[in-house]
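# Tertiary structure, described
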Amino acid sequence: MQGKKLLVTGGAGFIGGNFVQYMINKYPQYDINNLDGLTYAGDLTKHREIEKKENYHFMKADIADREAILPLFEKEKFDYVVHFAAESHVDRSITDPEIFVRTNVLGTQVLLDAAKQMEVTKFVHVSTDEVYGELELDSSTLFTEETLLQPNSPYSASKASSDFLVRAYHETFGLPVNITRCSNNYGPFHFPEKLIPLTISRVVNNQKVPVYGDGKNIRDWLHVHDHCAALDLVLHEGVTGEVYNIGGHNERTNLDVVKTIMTTLGKSEEFIEFVPDRLGHDKRYAIDPTKLEKLGWKPTYTFETGIAQTIEWYVENKWWWEQIISGEYKNYFKKHYSLDQS
Ligand code: NAD
Ligand code: TYD
C-alpha cells in the first residue's frame, strides 16, 4: 500500500495510543501524526519505543481550538483522520459535564470543518456503543447500527451529538466519513480510572476494589488490539457514510470481571467493596457486529485470552501505571475513593 499521511487525534490516550503503535508497525510507509492536548488522560511515555522513528510525529493541540487546528490541517495536508480525542470517563461526565460538550462536540466540529476544507480522503469517527443507551439485564437484544440513539449519561450524550455532526457533514457537504461504535475496550495502557485497570492495579497494591451497586451491570468487552484491527479495516475498506458496530460477544457482569482478575492474581474476594451505585448507571451493553464481520473482521482474542494477556501486561509494566497513580492523578483517587488506604 502506498504511503499516506494519517492524523490520529487522541493518540496519547488508551485506544488512540494503541492504534498509533498498531499502524506504525503495520504500515511503515505511512506518516503517522499524533495530535493530542495531553489532558490528565494523555501520556506520551507509552510511545517511548517509537518516538524516534522518522515517520512518527507528535503535535500538542486542543481539538476545540479552531485557530490552531485549521492552520495545522492547511500545512500538513493529511489524507486520513482517525478521531479518538475525547473526554471518555462516564463518572467524570457526571461531576463535570461541560468539558465533555466542549471537547467531544465542539472539538469534533472543528476537526470536521478542517477535514472538509482540506478535502481529506477519509474521516473515521471513533464513537461508542453507549450512544444507544442501555439494554435490559435479562434480555438477549443486541445493539445494531439501526438501534435508536438514546444516550443516558452526559458522556454518551456528547458522543451521540458528535455522531450526528459527523453524519451531517457527510449528508450536507459530502465529507467521506465512517462512524464506528465499539463496546468497552481493555488491554495495555488503559488509564487506571476505568474498571479493569483500576481493579488490576488496586489488587496488585493490596487495596480494595470499589464495585458500584450490586455489580450485576453487564458490559461487552473487546481487547483493544481487535478494536485497532477493526478501525484499520474501516479506514481502508469501510463504505463511505456507513456506521459500523464493533464488538466480540463478550458480555460479563462487573462482578464476574472483578472476580476473574482476583482469582488470576491469587487474591480473595474480601478485596471487593460494594459502594453506592453510579447515577443513571446503564444496565447492559451488547453489540451486534455482523455488518463489520461481513466487511472481513473477526476478533483474535476471547475474553479469557485477552484478560490473561492484560493482567500479565499490568504486572510486568507497573512502571507505567504507578507513575500515573502516584502523580497528580493521586488527588483524583483520594477525592473519589474514600476507601483509598494510602
Ligand atoms: P482516553 O481518555 O484514554 O484518551 C483520550 C485522549 O484524548 C487523551 O490522550 C487526551 O489527552 C486526549 N484529549 C482529550 N481532550 C482533548 C482535546 N480537547 N484536544 C486534544 N486531545 C484531547 O480515551 P480512550 O478510552 O482511549 O477513548 C478514545 C476514544 O474511543 C474516545 O472517543 C471514546 O469515546 C472512544 N471509545 C472508548 C471506549 C473505551 O472502552 N475506552 C469504547 C468505545 C469507544
Ligand atoms: P468503566 O470502566 O468506567 O466504563 P463504562 O462506564 O464506560 O462502561 O466502567 C465499567 C463498568 O464498571 C460500569 O458498569 C461501572 C463499573 N465500575 C465499578 O463498578 N467500579 C469502578 O470503580 C468503576 C470505575 C466502574
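The notes below deal with the structure included here.

Taken as a whole, this structure holds 15 aromatic pairs when the rule is applied. Pairing F143 with Y285 gives two aromatic rings, centres 6.5 Å apart and planes at 40 degrees, and the pair type is tilted. Pair noted here: F143 is in the loop between β5 (122–128) and α5 (154–173) and Y285 is in the loop between β12 (272–275) and α9 (290–295), with a separation of 142 residues, a long-range link. Residue classification places Y285 among the buried residues on the basis of a relative accessible area of 1%. Plain terms: the ring middles of F189 and W320 are 5.3 Å apart, the flat faces sit at 85 degrees to each other, and that makes the pair edge-to-face.

Okay, unusual backbone geometry next. The phi torsion at K77 lies on the positive side, around 50 degrees, for a residue other than glycine. Position of K77 among the secondary structure elements: in the loop between α2 (66–76) and β4 (80–83). For H249, which is not glycine, the phi dihedral falls at a positive 55 degrees. Its place among the elements puts H249 in the loop between β10 (243–246) and β11 (251–253). Given a relative accessible area of 46%, H249 falls into the partly exposed group.

Our focus in this paragraph is the layout of surface pockets. Each pocket or cavity is described by its volume, and for the second largest pocket that value is around 440 Å³. Lining the second largest pocket are 22 residues, and of these N18, Q21, P188, F189 and W313 lie nearest its centre. Counting only elements with at least two residues in the lining of the second largest pocket, the list comes to α1 (14–26), α7 (224–237) and α10 (303–316). Per-element accounting of the lining of the second largest pocket gives the leading share, five residues, to α1. For the lining of the second largest pocket, the per-class residue count stands at ten nonpolar, nine polar and three charged.

About the thresholds
- Residues numbered from 1 in each chain as written.
- Chains lettered and ligands numbered in written order.
- Predicted model: local features only at pLDDT ≥ 70, side-chain atom pairs only at ≥ 80, totals over all residues.
- Heavy atoms only, no water.
- Phe/Tyr/Trp six-rings, centres within 6.5 Å; stacked < 30°, edge-to-face > 60°.
- Helix = DSSP H or I, 4+ residues; strand = E, 2+ residues; numbered from the N terminus.
- Buried < 20%, exposed > 50% of the residue type's maximum accessible area, 1.4 Å probe, protein only.
- 1 Å grid on protein atoms, 1.4 Å probe; cavity = no way out; pocket = protein on both sides within 12 Å on 5 of 7 lines; lining within 4 Å.
- Points joined across faces, edges and corners; volume = space filled by probe spheres on them.
- Nonpolar A, V, L, I, M, F, W, Y, C, P; charged D, E, K, R; others polar.

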